[in-house]
Amino acid sequence: MTSLLTSDAPANSAPEGAKRKRPAAVERFHRQARRRLARTDVLGFLAWLSPVAAVALWLADGGISGFSSFAGTMTALGIIAGLIGMDVVLLMLLLAARIPFIDNTIGHDRALEVHKWLGKPALYLLLAHGVLLAIGYGAAEGLDPVSESISLWVNVPDMWLAFVSMALFFAVVVTSLVAVRRKFPYEFWYAVHLLTYAAVGTAIPHQFSVGGLFAEGTWQRWYWLLLCVGTGAALLWFRIYQPIAASFKHQLTVSRVVRVSADVFSIEMTGRNLERLSGAGGRFFFWRFLAPGHWWQTHPFSLSAEPIPGRGNQPGKLRITVRTLGKGTAKLAHIRPGTKVAIEGPYGMFSTAARTRNKVVMIGAGIGITPLRSLLETTPFQPGEATVLLRGHQDSELFLGQEIMALCKARGVTLFHLLGPRSQGDHAWLPQDAVQAGFGLHSYVRGIADADVYVCGPSPWAASVIRDVELAGVPAQQLHYERFDW
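Conventions we followed
- Residues numbered from 1 in each chain as written.
- Predicted model: local features only at pLDDT ≥ 70, side-chain atom pairs only at ≥ 80, totals over all residues.
- Heavy atoms only, no water.
- Helix = DSSP H or I, 4+ residues; strand = E, 2+ residues; numbered from the N terminus.
- Buried < 20%, exposed > 50% of the residue type's maximum accessible area, 1.4 Å probe, protein only.
- Salt bridge = Lys/Arg side-chain N within 4 Å of Asp/Glu carboxyl O.
- Right-handed = clockwise from strand over helix to strand, strands pointing away.
- Patch = residues over 30% accessible without salt bridge, like charges linked within 9 Å, V, L, I, M, F, W, Y side chains within 5 Å.
- Areas by Shrake-Rupley, 256 points an atom, 1.4 Å probe, with all protein chains shown as cover.

A. Focus on unusual backbone geometry. Across the junction of Gly345 and Pro346, the peptide omega takes the value 10°, indicating a cis bond. Despite not being glycine, Arg98 shows a phi value in the positive range, around 60°. Looking at where Arg98 falls in the secondary structure, it is placed in the loop between helix 2 (70-95) and helix 3 (100-106). Taking relative accessible area as the criterion, Arg98 reaches 14% and is therefore assigned buried. Unusually for a residue other than glycine, Asn273 sits at a positive phi of about 55°. Mapped onto the secondary structure, Asn273 falls in the loop between strand 3 (264-271) and strand 4 (284-289). In this structure Asn273 comes out as partly exposed when scored by relative accessible area, which is 32%.

The structure is reproduced here in structure tokens:
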């Protein structure tokens, strides 16, 4: 069943006063989109420049002379593979460091997707580094690759650390594979993933102590020192210092837990300086509840309402809304008032920062509805320029639905409740009766190709929505999708 709940202005239209303001508003979002695109180009350029610079510096420092024989060629190719592989590993660490410039440009999800995609190439390059060097060194000394590897382990200082590093990288990449990762608890995978830092740490010594590759006085040495120190500093600052500083700054404390439905609940918190978090609607934070049985786990949840700054001696308030999806989230329903909360964020591009157009369409299902409620509260638009579609099997699955309806009435938003069993085949995100009646995306939103579209919900459902949105002609830069299969 499809129902139109509120439309205080004609769908996708605006009053005359809003139309007069449109050019300035449109130009604002266009400028924002152009700046973000320019930053994306800069990041892409730097990502390619880094390994190219590493190889070019090595060649300029005499590396090109190594291609004069078979043994020299194998050794040179091994060195190049190692340089590129190590550069890629450091790039992966920077992508996972939650650096604001990266997060505000491509988003947290996209950064982690690239981070994961680079894992296998990095491992293959490092494996090639080891194999090619064993072949090259062995050919020069008249030994087979296995004997040469044993000789390097026994006789060359710091080389054993390189072998340990390779084993650690292999463990991290293998446990990151989806088929393997699903067999272990998240905590086990996360602990193994931390070995990446140990792998990098054990890989560095032999680079500076073996063979004079980064000899003192060379540009290579300064390049790699800067790259390693800079990466380490970024990780310490953004992954450790800033979360600790934010937790002390905001002093978040659980005030109460409110049941929304049988498996959904809201955790309300009080804190200080919450005006610093204003405008983060739709973005997510990592939350760590400092109580027995909870303190060692972090949970990624979006705000489900704009933070309310404190007044006078009264603390500010904020809220997250959680669905029970496992043991960890189930335990949070019983968190006690007074529990202190550590916070990291905000992260992600599911916010006004991603806007490119004046019109906006928000499509949500399940617990994915709650970030839309927060975004709806904060993102700017004129009456008649926004449409919200909420999907559920029944009305009770439209979490925070009454709050969303009130916001829609207050801001002149067209709101649809799409209820009923899910359709099969094409347009599977819509209710079955809507599809049978011939309804599609254009039935609810006209001119969607000129709108920013925010989609939030379970992955299979969201994939169906995204297909329809793309078929409707919405460019990729106007489509914003928040994953909830963490």
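B. Local environment of the pattern of salt bridges. Scanning the model with the defined rule gives ten salt bridges in all. Between Arg256 and Glu268 there is a salt bridge whose closest N-O contact spans 2.6 Å. Here the residue Arg256 occupies a position in strand 2 (residues 252-261), and Glu268 occupies one in strand 3, the gap between them amounting to twelve residues. Its relative accessible area of 47% is what places Arg256 among the partly exposed residues. The partner of Arg357 in a salt bridge is Asp450, with the nearest N and O atoms 3.2 Å apart. Here Arg357, found in the loop between strand 7 (340-347) and strand 8 (359-365), pairs with Asp450, found in the loop between helix 16 (441-444) and strand 11 (451-456); they are 93 residues apart in sequence, far enough to count as distant. Look at Arg357 and you get partly exposed, because its relative accessible area is 23%. Salt bridges linked by common partners bring Arg319, Arg373, Glu377 and Glu403 together as one network.

C. Structural context of the pairing of strand 10 (residues 414-419). Judged by how many residues are buried, strand 10 sits mostly within the fold: six of six residues are covered. Neither face of strand 10 is left uncovered, since the one carrying Thr414, Phe416 and Leu418 and the one carrying Leu415, His417 and Leu419 both have all their residues buried. Handedness of the crossover joining strand 9 (residues 386-392) and strand 10 through helix 14 (residues 401-411) is recorded here as right-handed.

D. Geometry of a nonpolar patch on the surface. On the surface, Val146, Ile150, Trp153, Val154, Trp160 and Phe163 cluster together into a nonpolar patch covering about 630 Å² of accessible area. Mapped by element, the contributors of at least two residues to the nonpolar patch are helix 6 (145-155) and helix 7 (159-176). Of all the elements, helix 6 adds the most residues to the nonpolar patch, at four residues. Position of Trp160 relative to the elements: it lies in helix 7. Residue class for Trp160 comes out partly exposed when judged on its relative accessible area of 43%.

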